[in-house]
Amino acid sequence: MVWRKILVGLLVSLMTSPAWAGADVLGSVTSSKTATVRNMALSPGSTVFSGDAISVGTRGAARLALAGGGQAEVLGNSLVRLTKAGNKTQLIVDRGQASFHVSGGADLEALVADATVRAADGHDTSAIIQALNETHAVVAAEKGTLLITTAHDGKTYMVREGAAADLSLAPETEQGGGTAPAGQGTTSKRSKKKKALVVILIGGGATITAYLLARRETTQPTNVLQNEISPTKLN
């Protein structure tokens, strides 16, 4: 009877595991504080899967080593999702602050406010992303050059090291149906236009400084601070 209960518990655990469901393994957790995934505490050494949503509490942080050599960091009061798209790992920033670091052409990109953020080349690149709300975000290039591509029209913007871009989705607008042919009166049909993403290039110094200050507030062990994913050294 005891063995039967153990076997049932093991089968239930396997059936609810993302690995059992065939989800892609995207990386592992290198450090974590007040972070959760799948309604469980996120602990160092945990495996992260495609579809995982990582939530970090106040003054918390989570750092991830991702497949292909990319790294990511999520700060307090933030929510990000991880997914696999083709051969790329995607970091979807729903709320708060996150960053990623890639080198050697790692297949890692971030999605925020209807835009995709990726490294411009195979050099060391670090991006800082602040999702202020569902329609407004700021993206800064801490190191290297970033490319931001908008989803609605496919335009690409270049953000050089030390600079930033302000992303905001314009509200939907309605267009009238126009003038009807002679003798048919006017038309009242209206159609909604897609939301357009407005991208404004700005200075990134304040964004980068704010992020580094927020990171300092997370009290991590000395050995963790020595292995920050950002190339910026802590003083």
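Note that the structure is predicted; figures quoted are calculated from it, not measured.

Draft legend 1. Representation of the confidence of the model for the chain within the structure. Averaged over all residues, the pLDDT of the chain is 81; the fraction at 70 or higher stands at 74%. Low pLDDT, under 50, characterises residues 5-16; the stretch is placed with two contacts to residues that sit more than four places away or in other chains. Low pLDDT, under 50, characterises residues 220-235; the stretch is placed with 26 contacts to residues that sit more than four places away or in other chains.

Draft legend 2. View of the side chain of serine 46. Along the chain, serine 46 falls in the loop between β2 (40-41) and β3 (47-49). Of the polar contacts made by the side chain of serine 46, one reaches the backbone oxygen of serine 43; its length is 2.7 Å. Excluding residues that lie within four positions of it along the chain, serine 46 makes contacts with Gly27, Ser28 and Val29.

Draft legend 3. Region of the structure containing the pattern of salt bridges. A full pass over the atoms with the stated rule returns six salt bridges. Aspartate 52 is the salt-bridge partner of arginine 38, the closest N and O atoms lying 2.7 Å from each other. Linking arginine 38 in the loop between β1 (25-37) and β2 with aspartate 52 in the loop between β3 and β4 (53-66), this pair joins segments that are 14 residues apart in sequence. Overall, arginine 38 belongs to the partly exposed group, its relative accessible area being 34%. Under the relative-accessibility criterion, aspartate 52 is labelled buried at 4%. Members of the salt-bridge network, linked through shared partners, are Arg63, Glu73 and Arg215.

Draft legend 4. Just the nonpolar core, in detail. Residues Ile54, Phe100, Val112 and Leu167 are the most contacted members of the largest nonpolar core, which totals 42 residues. Other than its neighbours up to four places away in sequence, phenylalanine 100 contacts Gln71, Ala72, Leu108, Ala110, Val117, Arg118, Thr125, Ser126, Ala127, Ile129 and Leu146. Counting 10 residues, the second-largest nonpolar core is a separate cluster that includes Ala140, Ile208, Leu212 and Ala214.

Draft legend 5. Seen up close, the pairing of strand β7 (residues 88-102). Where burial is concerned, most of β7 is hidden: 12 out of the 15 residues are buried. Two strands pair when backbone bridges link them, and strand β5 (residues 71-75) and β7 are joined in this way by four bridges, in the antiparallel orientation. Along β7, the bridge assignment pairs valine 74 with alanine 98. Of the strand pairs in this sheet, strand β6 (residues 78-85) and β7 are connected by seven bridges, and their pairing is antiparallel. Bridge pairing in β7 links arginine 81 to isoleucine 92. Taking the residues that link successive antiparallel strands as the turn, the β6-β7 hairpin has two residues, and the phi of glycine 86 there is positive, at about 65°. As defined by bridge partners, β7 adjoins strand β10 (residues 125-133) across seven bridges and the pair is classed as antiparallel. Across the sheet, the residue bridging to alanine 98 is isoleucine 129, located in β10.

Draft legend 6. Representation of helix α2 (residues 205-216). When the terminal C-alpha atoms of α2 are compared, their 17 Å separation across 12 residues agrees well with the 16 Å that a helix rising 1.5 Å per residue should span. Of the positions making up α2, those classed as buried are Thr207, Ile208, Tyr211, Leu212, Ala214 and Arg215. When α2 is viewed along its axis, its buried side chains cluster within an angular range of 160° and face the same direction. Those residues of α2 that are buried are in contact with β4, β5, β7, β10 and β11 (136-143).

Conventions and cut-offs
Residue positions are counted from 1 within each chain, in the order its sequence is given. With the structure being a predicted model, the display of local features is reserved for residues of pLDDT at least 70 and the display and counting of side-chain atom pairs for 80 or more, all residues being used for whole-chain, interface and lining totals. Each side-chain value is derived from all of the structure's non-hydrogen atoms; neither hydrogens nor water enter the calculation. Note: pLDDT gives the predictor's confidence per residue, expressed from 0 to 100. Whether two residues touch is decided by their heavy atoms; if any such pair falls within 4.5 Å, the residues are in contact. Here a strand is any run of E in DSSP of at least two residues, a helix any run of H or I of at least four, and the numbering for each starts at the N terminus. What qualifies as a polar contact is a pair of N or O atoms within 3.5 Å, subject to a donor-acceptor requirement within protein and to the restriction that residues adjacent in sequence count only when both atoms come from side chains. One speaks of a salt bridge when a side-chain nitrogen belonging to Lys or Arg is within 4 Å of a carboxyl oxygen belonging to Asp or Glu. Classification of residues uses two cut-offs on accessible area relative to the type maximum, computed with a 1.4 Å probe and protein chains only: under 20% is buried, over 50% is exposed, and between them is partly exposed. Definition of nonpolar core: a set of buried residues of the types Ala, Val, Leu, Ile, Met, Phe, Trp, Tyr and Cys, connected through side-chain atoms within 4.5 Å. By this definition, two strands are paired if DSSP reports at least two bridges between them. The span one expects for a helix is its residue count, reduced by one, times 1.5 Å. Along the arc lie the directions from the helix axis toward the C-beta atoms.

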